[in-house]
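Coordinate analysis (summary)
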Amino acid sequence: MEIKGTKALVTGASSGIGKAIAERLASGGSQVWGTSRNPRAIEWPEGITPLELDLGSAESIETAWNSQSMDALKFDIVVNNAGFGFFGRFSNAEFDDIEALLDALLIGTMKLCRLAVPGLIERRGYLVNVSSMATDFPVPFMSAYNAAKAGLSGFTESVVIETSASGMKTIDFRPGDICTAFNSNMIRKNSKIPNEGCMDRVWKRIEERISKSPAPEVAADKLARCISKDRTGTIRTGTFFQSKLAPLLARLTPNSLVRSGNLAYYTK
Ligand SMILES: NC(=O)c1ccc[n+]([C@@H]2O[C@H](COP(=O)([O-])OP(=O)(O)OC[C@H]3O[C@@H](n4cnc5c(N)ncnc54)[C@H](OP(=O)(O)O)[C@@H]3O)[C@@H](O)[C@H]2O)c1
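This report concerns the structure included in the present document. These numbers were taken from a predicted model, which means no experiment stands behind them.

Description of the overall build of the protein
The number of helices and strands found in the protein is nine helices and nine strands. Relative to the globule expectation of 18 Å for 268 residues, the C-alpha radius of gyration of the protein, 18 Å, shows essentially globular dimensions. Residues counted as buried form 47% of the 268 residues belonging to the protein. The contacts in the protein between residues at least 6 apart in sequence include a share of 71% that link residues at least 24 apart. Split by element, the accessible area of the protein, about 13000 Å² in all, is 54% carbon and sulfur.

Thoughts on the site of the ligand
Every one of the 30 residues lining the ligand counts as a neighbour, but Ser 14, Ser 36, Asn 81, Tyr 145 and Thr 180 are closest to it. In this structure, an oxygen atom belonging to the ligand sits 2.7 Å away from a side-chain N or O atom of Ser 14. Measuring from an oxygen atom of the ligand, one finds a side-chain N or O atom of Tyr 145 at 2.6 Å. Expressed as a share of its isolated accessible area of 890 Å², the protein-covered part of the ligand is 93%.

Remarks on the packing of aromatic side chains
Evaluated as defined, the whole model comprises six aromatic pairs. With a centroid separation of 5.7 Å and 70° between ring planes, the pair formed by Trp 33 and Phe 75 is classed as edge-to-face. Taken as a pair, Trp 33 in strand β2 (residues 31-36) and Phe 75 in the loop between α2 (58-67) and β4 (77-80) lie far apart in primary sequence, 42 residues in all. The same class applies to Trp 33 and to Phe 75, which are both buried. An aromatic cluster of at least three residues, connected via ring pairs, comprises Trp 33, Trp 65 and Phe 75. Lying over the aromatic face of Trp 203, Arg 188 brings its terminal NZ or CZ to 3.9 Å of the ring centre.

Regarding empty space enclosed by the protein
This model, assessed by the stated rule, comprises one cavity of 30 Å³ or more. By volume, the largest cavity amounts to about 40 Å³. Forming the boundary of the largest cavity are Trp 65, Met 70, Asp 71, Lys 74, Phe 75, Val 78, Leu 115, Ala 116, Leu 120 and Arg 123. If you tally residues by element for the lining of the largest cavity, the top one is helix α3 (residues 95-123), at four residues. Within the lining of the largest cavity, the residues separate by chemical class into seven nonpolar, no polar and three charged.

Comments concerning a positive patch on the surface
On the surface, a cluster of positive charge is made up of Arg 225, Lys 229, Arg 231 and Lys 244. Within the secondary structure, Arg 225 is located in helix α7 (residues 216-228).

Digging into the layout of surface pockets
Its boundaries defined by the atoms lining it, the largest pocket holds a volume of some 940 Å³. If you trace the largest pocket, you find 44 residues lining it, with Asn 81, Ala 82, Gly 83, Phe 84 and Phe 182 closest to the centre. Within the residue set of the lining of the largest pocket, elements represented by two or more residues are α1 (16-27), β2, α3, α4 (143-163), α5 (182-185) and α6 (197-211). Residue classes in the lining of the largest pocket are distributed as 21 nonpolar, 18 polar and five charged. For the second largest pocket, the calculated volume is near 410 Å³. Residue lining of the second largest pocket: 15 residues in total, with Phe 137, Phe 241, Ala 246, Asn 262 and Tyr 265 positioned closest to the centre. Those elements that provide at least two residues to the lining of the second largest pocket are α8 (240-252) and α9 (255-267).

Brief notes about α1
Between its first and last C-alpha, α1 extends 17 Å over 12 residues, near the 16 Å set by a 1.5 Å rise per residue. On its buried face, α1 sits against β1 (7-10), β2, β3 (48-52), β4, β7 (169-175) and α7.

Notes on the pairing of β7
Taking burial as the measure, the seven residues of β7 include six buried ones, the bulk of the element. Relative to β7, strand β6 (residues 126-130) runs parallel, the two sharing five bridges. Residue pairing in the sheet places Leu 127 in a bridge with Thr 170 of β7. With α4 bridging β6 and the parallel β7, this β-α-β connection has right-handed handedness. Alignment of β7 against strand β9 (residues 233-237), held across five bridges, turns out to be parallel. By the bridge assignment, Phe 173 is partnered in β9 with Ile 235.

Conventions and cut-offs
Residues numbered from 1 in each chain as written. Predicted model: local features only at pLDDT ≥ 70, side-chain atom pairs only at ≥ 80, totals over all residues. Heavy atoms only, no water. Helix = DSSP H or I, 4+ residues; strand = E, 2+ residues; numbered from the N terminus. Rg over C-alpha atoms; globule rule 2.2 N^0.38 Å. Buried < 20%, exposed > 50% of the residue type's maximum accessible area, 1.4 Å probe, protein only. Contact = heavy atoms within 4.5 Å. Areas by Shrake-Rupley, 256 points an atom, 1.4 Å probe, with all protein chains shown as cover. Near = heavy atom within 4 Å. Polar contact = N/O pair within 3.5 Å; in protein donor to acceptor, adjacent residues only side chain to side chain. Phe/Tyr/Trp six-rings, centres within 6.5 Å; stacked < 30°, edge-to-face > 60°. Lys NZ or Arg CZ within 6 Å of the ring centre and 35° of its normal. 1 Å grid on protein atoms, 1.4 Å probe; cavity = no way out; pocket = protein on both sides within 12 Å on 5 of 7 lines; lining within 4 Å. Points joined across faces, edges and corners; volume = space filled by probe spheres on them. Nonpolar A, V, L, I, M, F, W, Y, C, P; charged D, E, K, R; others polar. Patch = residues over 30% accessible without salt bridge, like charges linked within 9 Å, V, L, I, M, F, W, Y side chains within 5 Å. Salt bridge = Lys/Arg side-chain N within 4 Å of Asp/Glu carboxyl O. Lys, Arg positive; Asp, Glu negative; His and termini not counted. Charge placed at Lys NZ, Arg CZ, Asp CG, Glu CD. Expected span 1.5 Å × (residues − 1). Pairing = 2+ DSSP bridges. Right-handed = clockwise from strand over helix to strand, strands pointing away.

Next up, the structure:
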């Protein structure tokens, strides 16, 4: 699809990967609408029109969609990018925290897809759901996040198949670590269970990786190139190791070995 002349919606366009994607699409000649829970608090770059959207409740999504006449904007590209993480031990997590994450990252995103997909089918448009490398390599102490992203990737694969005959295109976009405010925005709950050192080590690994990771513009460029080339299906982005080598090695290696490697990496 030629990006120039399209209309695009990018959720979570106030920072990080979403902001970079919104800017990349705008610089490619797309008319872009970007969402935030609090759009008035942000200085939006030229070419991006702010919309207010909280993915936290399915009801609020429908209200936002209708009150801002999003259907009438006739988007050609919809990028479901908004999201956040939750880091904590599952066995003593508040279930409200888990539900809030699943509501926003999985149920809310599916609700927005339900509203947007009929128009995308009609216009032979593009749906992009931003999942994560956590679908391939779940991160310890991020069980709700892993579940949400694996669920989102499974859902996206169904949409790829269901809509392929219509001419609509769908991408399951899986970034590896990308240097954004994701970690600092992550909800962190400390475990009261002894053996706390294990959680601290995992957190240190996550912090180490993200500080050395590529800028969000790398992910945005990759996505724009894929859209221009009409690519569909799973697209990974990030370092060469995370986006190419690790998924390939994981496919060729027994699961038990991958798990042992993961355990050693996070806990030693
Ligand atoms: N950074 C990474 O290493 C990485 C790796 C894999 C996947 N991802 C995924 O990439 C996406 C973007 O993350 P990022 O790294 O760019 O993080 P970020 O800089 O923290 O940006 C998150 C964006 O999501 C929006 N958002 C958060 N909670 C929301 C909610 N309940 N409703 C609506 N909008 C919400 C935020 O907007 P407001 O606060 O303005 O509402 C913000 O624009 C996420 O889905 C994340 O899971 C990131």
